[in-house]
Structures are given as C-alpha cells and as structure tokens.
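Residue-level listing of the chains:
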Amino acid sequence: MHRPIDDAGSGTGDGAARGPVPVPPAHRPHPVPAADPAGPWTAGGDGVPDPGRVDPRVLGALLARHGWQRRGGAAGRYGRWTPPGGGPGSGGTSLLVPDSLAFPDSEELIGEALTALARSATPSAREVLTGLAVPSDEVRWWRDVPRGPAGTVPWPEQERLRSAARKVLLAGALAVRGRAGYHGSRHRAEAQASLEPVVVGTDPGGRALTAFLPVPPGRPVAVRLYHALHAAREAVDYQRATGGMEAFDSAVEAGVSRELTEALVALVRGTEGVRIALAWAPAAGVPDGCAARPEPVEFSPGDLPSLREASARYLTDEPSVPVRITGAVVRLRRSGPRGEGTVKLRVLGGADVGHVRAVLDEEAYRTAGHAHLVGLPIRVVGRLESRGGFRRLADATGVVPVQVDEAERDRLMKSLHENLDFFEEACGPEEER
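Residues numbered from 1 in each chain as written. Predicted model: local features only at pLDDT ≥ 70, side-chain atom pairs only at ≥ 80, totals over all residues. Heavy atoms only, no water.

> I'd like to hear about the pattern of salt bridges, residue by residue, with values.
For the structure shown, the criterion picks out 20 salt bridges. Between Arg143 and Glu157 there is a salt bridge, and its shortest N-O distance comes to 2.8 Å. Of this pair, Arg143 sits in strand 4 (residues 136-143) while Glu157 sits in helix 4 (residues 155-177), placing them 14 residues apart in sequence. Overall, Arg143 belongs to the buried group, its relative accessible area being 3%. Accessibility expressed as a relative area gives 18% for Glu157, which makes it buried. Through salt bridges with shared partners, a single network forms among Arg233, Asp237, Arg240 and Asp303. (Salt bridge = Lys/Arg side-chain N within 4 Å of Asp/Glu carboxyl O. Helix = DSSP H or I, 4+ residues; strand = E, 2+ residues; numbered from the N terminus. Buried < 20%, exposed > 50% of the residue type's maximum accessible area, 1.4 Å probe, protein only.)

Structure follows, in structure tokens:
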C-alpha cells in the first residue's frame, strides 16, 4: 500500500493511513500474473497472491533484498517499509507489514501491502510479488557499460545481456545433468526444457537483469551455478597468478565447462566489468553447502584471455564417447549408386543427443536404407566425437535393424511418408554444422 510517510490515520499504531491511495490508471503497471492454480498459491482477480498464504517474514526478506528500507513501526507488531530511495520526510510512500500472523489485523495489513505493490511504479515491487507468487531463487546480472541518452543502455547492449544470461543459465542446467568440459549437444534439449519455468525481469535502465528460478524444479540449477561461478573465478585467479590451467581442469567437477566460459566471455566482452549474484528463496531456505548470502562474483575484461584459453582447452580435451545407439534413419546420402554413404539418425536410445550422423560402408548403408523403407530403427556401435559437438558417430559398425512394436513402427512409417522428399537428398549446409 502506498502511503505518504507523514499521513495521519488510525488503527495501525503509528498514524499511517489504512485507506488505499488512488493511482491513475495510465500509471499502473500490469499486475503480476496469477500463480499456477496447482501450486501453493491462489490469487485474487487483480493478480495479487492470497494474503492468507503469505508469510510476513518472507515478505519482509524479499523487501529487504530488493532495496526497501524498514523505518520503524510498533516493535514486535509491524514494520514500516519505504521503497528504494525513499526516506522519512521525503514525501514518499510506505508499506505496513506485520511481523507475524499473530494479530487480528495481520492478514488485512498483508493484503493492503500486496495491493500497493501490485499498483506500484517502483520496479522492485513487481520483483517482490514475483518472489511471493512463485518461491524462486534469484540470479542477477549487472553489466558496466556506457550509458546512452537519458541514462539508459542502448538496445543492442541490453540484448547482449539477455543472450549472455541465457547462456549462463543453460550452462548451469547442462552441468546439473552431468559434469563435462564440453557438453556439445548432449542433454541440450532436456536442459533447455528445464529452464522454461524461469521468469526474467529487466532493470529499467537496461544495465541489470534478474532471473527467477522456481525452487521446484530450478533450485538444482541455481546451486550448480553457485558452485560453478565461484570455481570459475578461482580458476581465473589461479591462471592469472601462475599461468597454469590446472584449476580449470578441477573446476569441471564444480560445473565449469566450455559452455560456461563462453557465456562469461559473451557477458564480459564490451564492458568495464560484470557481476553475478545469487539469492535463495526465503520460503525454501538455504541449500546445503551454500552461503546464506552469497557475495556477487565479478569478472572484468582482464579475465577474458584466461576464459578464452579455458574454453579452447575444454573443446580439445573432451574425449570421444563409445556408444551403442538405437536410432531412426531420417536422412540418407551418397554420391553414387554404390559405395559408402552418410546417414542421419534420430536417436531413440544410447546417447544423450537428439540426432547423429555416421558414415557407413556399402553393406551397412544398404541395411540402413532397407530399415528406413520399412519403418524400422537400426542399432549401430561407434564413437561419439566431441569435435562435432557430439553430433558425429565415428567408426560406425555393427548396423542391424531393430524390431519395434506396431505402434512405434506405424509412427516411423508415417514420418517416412511425410518426408519422402528428403530420401537420398543431399544434406543441406545447416545440417552439416
């Protein structure tokens, strides 16, 4: 609830008004979306979380995290909170938030505070409501870049921040699924799907961005990023001090990878420095092995040579992986009617990638073609090569058709008839990458 700090009123103990302050419709931001009905929150018609389910201690923790200041209030009963930049006698507004639900008017005060936050033009108000509606860990990025007109960051720089932030989150999601110096295309689809619930909020000036990772299922990603970012910072410091890259090798176990170092390069490039900070959802507590209030991790342009060298090292050092893949043939190509040819498989099992390519000898290629025509997958043994992003199968041998149930066979045959134009078609440039 927005209230003038020096307003007089009754019923709250310190003279703050209890009635709502009208906000012109043109200045009201869009309300926070209602929470998922299947989740722990219900929301009113205005998109405000149900006051009866809001823990005032969580609300207070989120207000403090986002720069609101507690400025007095009846001890042990409620506190008065002012937005960032506000202060006593400044003509600003305030919220009255109870310290607990033990008092008769606690739920009413929380409801008024939530309504005021939904109507507030203060950017942090929406972030507080987001943290209440879906308990989330927060990852915040700052980039120190030159300001444009009116103190804002140019649009291309804002896009670079968003792109780099996505890459950082994806690197964390990949590390949750396995430790590797280079992930390539392995686990990528699953990692991207795990980030779909993430909500992103941008600072009005364009210099900062916050990602809200819902505790289920996002906490493993936040925890992995916490360890990986600190390990990357320590590895960079070690390399700059000694010239050795050994710390980057051991940092793989913490979640550092080529994907993360490339994301950090994209984040730092063109800036005077960046910071990344994590904050845990107050409602979920602090995860094991993590600091309660993690310090921001900082990187500067001077770190770029170390990060680039580590990225190249991860790419070349990641070994190929022996696999036994079951896949449906979706492309076949060879230069003439005889000899070896290239096939593309949609992987059904045996590797954590979506598609692979393999060069087969004449007999194996014929077997793959027959299996393709009758709607059967094949099984093939080989080595998944890292240099192609784990999209190529080297030394492919032992090609045999695999029997499947009728439903799966019908589905494969339908896919064949829908893609007849691709049979014996030369692979396009975009597929060879």
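Still more to cover.
> Give me the lowdown on the packing of helix 6 (residues 215-242) against helix 9 (residues 304-317), citing residues and values where you can.
The N-to-C vectors of helix 6 and helix 9 enclose an angle of 105°; their axes lie 9 Å apart at closest approach. Classified by the angle between their axes, helix 6 and helix 9 sit roughly perpendicular to one another. Contacts between helix 6 and helix 9 involve Val236, Gln239 and Arg240 from the former and Ser306, Leu307 and Glu309 from the latter. (Axes fitted to C-alpha atoms, helices over the stretch in contact; angles between N-to-C directions. Parallel < 35°, antiparallel > 145°, perpendicular 65-115°, else oblique. Contact = heavy atoms within 4.5 Å.)

> Just give me the short version of the side chain of Ser124, but keep the residues and values in it.
Mapped onto the elements, Ser124 comes out in helix 3 (residues 123-133). Accessibility expressed as a relative area gives 9% for Ser124, which makes it buried. Dropping the residues within four chain positions of it, Ser124 is found in contact with His66, Trp68 and Pro84.

> Outline unusual backbone geometry, supporting the account with residue identities and numerical values.
That bond from Pro216 to Pro217 is cis: its omega, 15°, falls within 30 degrees of zero. Of note in this structure, His187 is not a glycine but carries a positive phi near 65°. Here His187 shows up in the loop between helix 4 and helix 5 (188-194). In the Ramachandran plot, Asp395 falls in the positive-phi region, its phi being about 55° despite a non-glycine side chain. The residue Asp395 is located in strand 13 (residues 392-401) in this model.

> Can you tell me about the nonpolar core, naming the residues and giving the values?
Within the largest apolar cluster, 53 residues are counted, with the highest numbers of intra-cluster contacts made by Trp141, Leu169, Leu213, Val256, Leu260, Leu264 and Leu278. The element best represented in this core is helix 6, accounting for eleven residues. If sequence neighbours within four positions are ignored, Leu260 has contacts with Val168, Ala171, Ala228, Leu229 and Gly255. Core analysis: the second largest hydrophobic core is formed by 25 residues, Val329, Ala351, Val353 and Ala396 among them. (Core = buried A, V, L, I, M, F, W, Y, C linked by side-chain atoms within 4.5 Å.)

> Got a sec to walk through a positive patch on the surface? Specific residues and values, please.
Taken together, Arg166, Lys167, Arg269 and Arg308 make up a surface patch of like positive charges. If you trace the backbone, Arg166 turns up in helix 4. (Patch = residues over 30% accessible without salt bridge, like charges linked within 9 Å, V, L, I, M, F, W, Y side chains within 5 Å. Areas by Shrake-Rupley, 256 points an atom, 1.4 Å probe, with all protein chains shown as cover. Lys, Arg positive; Asp, Glu negative; His and termini not counted. Charge placed at Lys NZ, Arg CZ, Asp CG, Glu CD.)

> Tell me what's going on with the sheet that holds strand 3 (residues 95-98), and back it up with residues and numbers.
Strand order in the open sheet formed by three strands is 1-2-3, with antiparallel pairing between adjacent strands. In this open sheet, the two edge strands, each paired with only one partner strand, are strand 1 (69-70) and strand 3. Where strand 2 (residues 78-82) and strand 3 come together, four bridges link them in antiparallel fashion. Counterpart to Arg80 in the pairing with strand 3 is Leu96. Packing against the sheet, helix 1 (residues 56-65) makes contact with strand 2 and strand 3, and its axis sits at approximately 140° to strand 3. (Pairing = 2+ DSSP bridges.)

> Please give an account of the packing of helix 4 against helix 8 (residues 258-268) that cites residues and values.
The contact between helix 4 and helix 8 brings their axes to 8 Å, and the two run at 165°. Taken together, helix 4 and helix 8 sit at an angle that is classed as roughly antiparallel. Like other packed secondary-structure pairs, helix 4 and helix 8 cross with a definite hand, here left-handed. Taken together, the residues of helix 8 that come into contact with helix 4 (itself represented by Leu161, Ala164, Lys167, Val168, Ala171 and Leu174) are Glu259, Leu260, Ala263, Ala266 and Leu267. Along the lines of polarity and charge, the residues of the contact of helix 4 with helix 8 split into nine nonpolar, no polar and two charged. (Left-handed = near helix turned anticlockwise from the far one by under 90°. Nonpolar A, V, L, I, M, F, W, Y, C, P; charged D, E, K, R; others polar.)

None of this, on its own, says anything about what the molecule does.
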